[in-house]
Amino acid sequence: MDQAKWIAWSLGIWGAVVTALTAALPAFNAMLVFFFGVDWSIEPSWISALDENVKMVITGIGGIIGIVMMFWGRWRAKAPLTLLPPSWKGGA
């Protein structure tokens, strides 16, 4: 079996990260309002509707890309993952 690969170099892990971030995208606007007082409600209604549709599309596309990355990374995997980078192992 090949040498273990650091978890940060795993395409499957990055796919999971992309999926999680795009799933949390709708909450980003709420965080802006809560923490920084940014209020998007002053925009005309058609801009707000367009904004919501764009967020939904980006969330969907990001989720699909993340899932594909996870499966592709798992399919290509030839070695187990490790939590420590290779430079930290076996020294000292």
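Residues numbered from 1 in each chain as written. Predicted model: local features only at pLDDT ≥ 70, side-chain atom pairs only at ≥ 80, totals over all residues. Heavy atoms only, no water.

A. Geometry of the overall build of the chain. Broken down by element type, the chain carries three helices and two strands. In sequence order, the chain lays out its α and β elements as β-α-α-α-β. Buried residues in the chain amount to 18% of all 92 residues. Sequence-distant contacts, at least 24 apart, represent 88% of the contacts inside the chain between residues at least 6 apart. Counting only carbon and sulfur atoms, one obtains 75% of the accessible surface of the chain, whose full area is about 7200 Å². (Helix = DSSP H or I, 4+ residues; strand = E, 2+ residues; numbered from the N terminus. Buried < 20%, exposed > 50% of the residue type's maximum accessible area, 1.4 Å probe, protein only. Contact = heavy atoms within 4.5 Å. Areas by Shrake-Rupley, 256 points an atom, 1.4 Å probe, with all protein chains shown as cover.)

B. Spotlight on the environment of A4. Within the element layout of this structure, A4 appears in the segment before β1 (5-6). Each C-alpha atom, one on A4 and one on L83, is 9.7 Å from the other, the two residues being 79 residues apart in sequence. Not counting chain neighbours up to four residues away, the residues in contact with A4 comprise A79, P80 and T82.

C. Broad picture of the confidence of the model for the chain. Residue-level pLDDT values for the chain average 77, and 77% of them are 70 or greater. The weakest mean pLDDT in the chain belongs to helix α2 (residues 25-36) at 73; the strongest belongs to helix α1 (residues 11-23) at 87. (pLDDT = per-residue confidence, 0-100.)

D. Looking closely at the packing of aromatic side chains. A full pass over the atoms with the stated rule returns one aromatic pair. Measuring from centroid to centroid gives 5.6 Å for W6 and W9, while their planes differ by 80°, and the two rings are edge-to-face. Using a relative accessible area of 24% as the deciding quantity, one classes W6 as partly exposed. Under the relative-accessibility criterion, W9 is labelled exposed at 53%. (Phe/Tyr/Trp six-rings, centres within 6.5 Å; stacked < 30°, edge-to-face > 60°.)

E. Summary view of α1. The end-to-end C-alpha separation of α1 is 18 Å, in line with the 18 Å expected for 13 residues at 1.5 Å each. For α1, the complete set of buried residues consists of L11, G12, G15, T19 and T22. Viewed end-on, α1 has its buried residues packed into an arc of 100°, placing them on one side of the element. Between a side-chain oxygen at the N-terminus of α1 and the backbone nitrogen of G12 the separation is 3.3 Å; the capping residue is S10. (Expected span 1.5 Å × (residues − 1). Arc of directions from axis to C-beta. Polar contact = N/O pair within 3.5 Å; in protein donor to acceptor, adjacent residues only side chain to side chain.)

F. Inspection of the side chain of S10 at higher detail. Take S10: it is sitting in the loop between β1 and α1. Overall, S10 belongs to the buried group, its relative accessible area being 8%. Apart from residues lying up to four places away in sequence, S10 is in contact with K5 and L81.

G. Focus on the environment of T59. Note that T59 resides in helix α3 (residues 45-76). Distance in space between the C-alpha atoms of T59 and L25 is 6.6 Å, their sequence separation being 34 residues. Within the local environment of T59, its side chain forms a polar contact with the backbone oxygen of T22, the two atoms lying 3.5 Å apart.

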